[in-house]
Amino acid sequence: SVTGNIDSAGTVTGAGNIWYDYPFHFSVINSFTERINFPPQHPYLLGAPLAYPFMMDFLSAIVVKGGLDLRNAILLPHLLFYFVLSSFAYFIGKQITKSRAAAAFAVILFLFNGNAGIFDFASDAVESKDAVNFVQHLPKDYSHSPESRIEFLNTAYSIFVSQRSAIMGFAASLMLYFLLACYLERRDKRVLLAAGTVLGLLPLVHTHSFLAASVASAFGGIYALATGKNKGAEFKRLLWFALPAILLALPQLLWMAPQLGSGAKLVKMQSGWLDENDGLGAIELAIFWLANAWLALPLAVIGLFLAPKKTRAYYAPFIAVFLLGNRVKLQWWDWDNIKIFVHWFF
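Residues numbered from 1 in each chain as written. Predicted model: local features only at pLDDT ≥ 70, side-chain atom pairs only at ≥ 80, totals over all residues. Heavy atoms only, no water.

A.B. asks: Lay out the side chain of D57 in plain terms, naming residues and giving numbers.
C.D. replies: Mapped onto the elements of the fold, D57 is located in helix 2 (residues 55-65). At 2.7 Å, the side chain of D57 forms a polar contact with the side chain of R164. Sequence-distant contacts of D57, defined by excluding residues within four places in its chain, comprise H25, V28, I29 and R164. (Helix = DSSP H or I, 4+ residues; strand = E, 2+ residues; numbered from the N terminus. Polar contact = N/O pair within 3.5 Å; in protein donor to acceptor, adjacent residues only side chain to side chain. Contact = heavy atoms within 4.5 Å.)

A.B. asks: Account for the packing of aromatic side chains, naming residues and giving values.
C.D. replies: Applying the stated criterion across every chain, the model contains 37 aromatic pairs. Look at W273 and F341: their rings are 5.1 Å apart centre to centre, the planes differ by 65°, and that puts the pair in the edge-to-face class. In this pair, W273 sits in the loop between strand 3 (268-269) and helix 13 (282-293) while F341 sits in helix 16 (residues 338-345), placing the two residues 68 residues apart along the sequence. Note on accessibility: W273 and F341 belong to one class, buried. Centroid distance W289 to F322: 5.1 Å. Interplanar angle 65°. Geometry classified as edge-to-face. Of this pair, W289 sits in helix 13 while F322 sits in helix 15 (residues 309-327); the two residues are 33 residues apart in sequence, bridging distant segments of the chain. When its relative accessible area of 5% is taken as the criterion, W289 is described as buried. With relative accessibility at 18%, the residue F322 sits in the buried group. (Phe/Tyr/Trp six-rings, centres within 6.5 Å; stacked < 30°, edge-to-face > 60°. Buried < 20%, exposed > 50% of the residue type's maximum accessible area, 1.4 Å probe, protein only.)

A.B. asks: Provide a residue-level description of the packing of helix 3 (residues 70-97) against helix 8 (residues 164-186), including the pertinent values.
C.D. replies: Angle between the axes and distance between the axes: these two values describe a pair of packed helices. Viewed as axis vectors pointing N to C, helix 3 and helix 8 meet at an angle of 25°, and their least axial separation amounts to 9 Å. One element, helix 3, and the other, helix 8, form an angle in the roughly parallel class. As for how helix 3 packs across helix 8, the hand of that crossing is left-handed. For the contact of helix 3 with helix 8, the class distribution of residues is 22 nonpolar, two polar and two charged. (Axes fitted to C-alpha atoms, helices over the stretch in contact; angles between N-to-C directions. Parallel < 35°, antiparallel > 145°, perpendicular 65-115°, else oblique. Left-handed = near helix turned anticlockwise from the far one by under 90°. Nonpolar A, V, L, I, M, F, W, Y, C, P; charged D, E, K, R; others polar.)

A.B. asks: Which residues make up the pattern of salt bridges, and what values do they have?
C.D. replies: For the structure shown, the criterion picks out nine salt bridges. The partner of R186 in a salt bridge is D188, and the shortest N-O contact between them spans 3.7 Å. On the accessibility criterion, D188 (14% relative accessible area) is buried. Between E234 and R187 there is a salt bridge; the shortest N-O distance is 3.1 Å. In this pair, E234 sits in helix 11 (residues 231-255) while R187 sits in the loop between helix 8 and helix 9 (189-200), placing the two residues 47 residues apart along the sequence. The exposure class assigned to E234 is buried, which follows from its relative accessible area of 6%. The class for R187 is partly exposed, based on a relative accessible area of 38%. Through salt bridges that share partners, R186, D188 and R190 make up one connected network. (Salt bridge = Lys/Arg side-chain N within 4 Å of Asp/Glu carboxyl O.)

A.B. asks: Can you lay out the nonpolar core for me, pointing to particular residues and giving the numbers?
C.D. replies: Within the largest apolar cluster, 64 residues are counted, with the highest numbers of intra-cluster contacts made by L85, L176, W273 and W289. Excluding residues within four positions of it along the chain, L176 makes contact with A195, V198, L199, A213, S217 and F241. Counting 13 residues, the second largest nonpolar core, distinct from the first, contains V28, F32, A61 and M256. (Core = buried A, V, L, I, M, F, W, Y, C linked by side-chain atoms within 4.5 Å.)

In short, the description is geometric, and any link to function would need to be established separately.
Set out below in structure tokens:
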């Protein structure tokens, strides 16, 4: 429910996403704490490898083995990575804009994102007799209204709280994006080496983040080669990024190959992210995204015209991430492409 459920043990769940995801995460954590689980085996499928990005749950398992109870072993890593995520979101904003205020505003826009559901909320609030009670006990989730085609939920509660791997993966991705923003200024190969290392460690942390970051990085590399004056020197410089990324990611991808192979059969081309959007015209899709991405979208369009060339070059590869999420359905549940979109949205 929106207001939350409390069971006899005092466990609170505030969204349906928690009910869906957390029983599996509990099982993965316990599979590491209650038995010798190397190489990792799936907690539900006897004898099957755990080809799932399990590093966040493995971290919680380490904390449990260190003596902490399961609840706090889940809570504390979440708080840690929320801090990392928020910090690097701020650092990126400050690195690009050179403004503390703009950086702070970017973090607020990202973590407290909403959508056109605010109109429905405002209408119900006005009609209610007790506005304070209405706000304290919302009758529904106003950021999620499939009948109105409002699907881009607040990222904090729909992704980072419920999907444990996502918060670790996105925090690492922001570290990568920060390093790449620094590289645009310093052109230091050691920065590229660090960025490539972060990307190479992502597959078993969060596969969707690895995919989104890889697409953005690949297009960024293509842009650098296309615009660089010395193609040979630019290519050699990019190897400092590509080689550690490939060498570190390849063993993980080979381990995950059975899952990736079966998942590849579900991939299909379609337009507009969601199944019901497939076949819509450009104007209808633009209206859909304006209602869902809300203030960030028109601000981004305006920003493209006002921003310096270097900032536009930094942003351009993420257009490819947006197009990927809109053109390719990556698994059976179409909504899950939001894990790709969140990189573009930031």
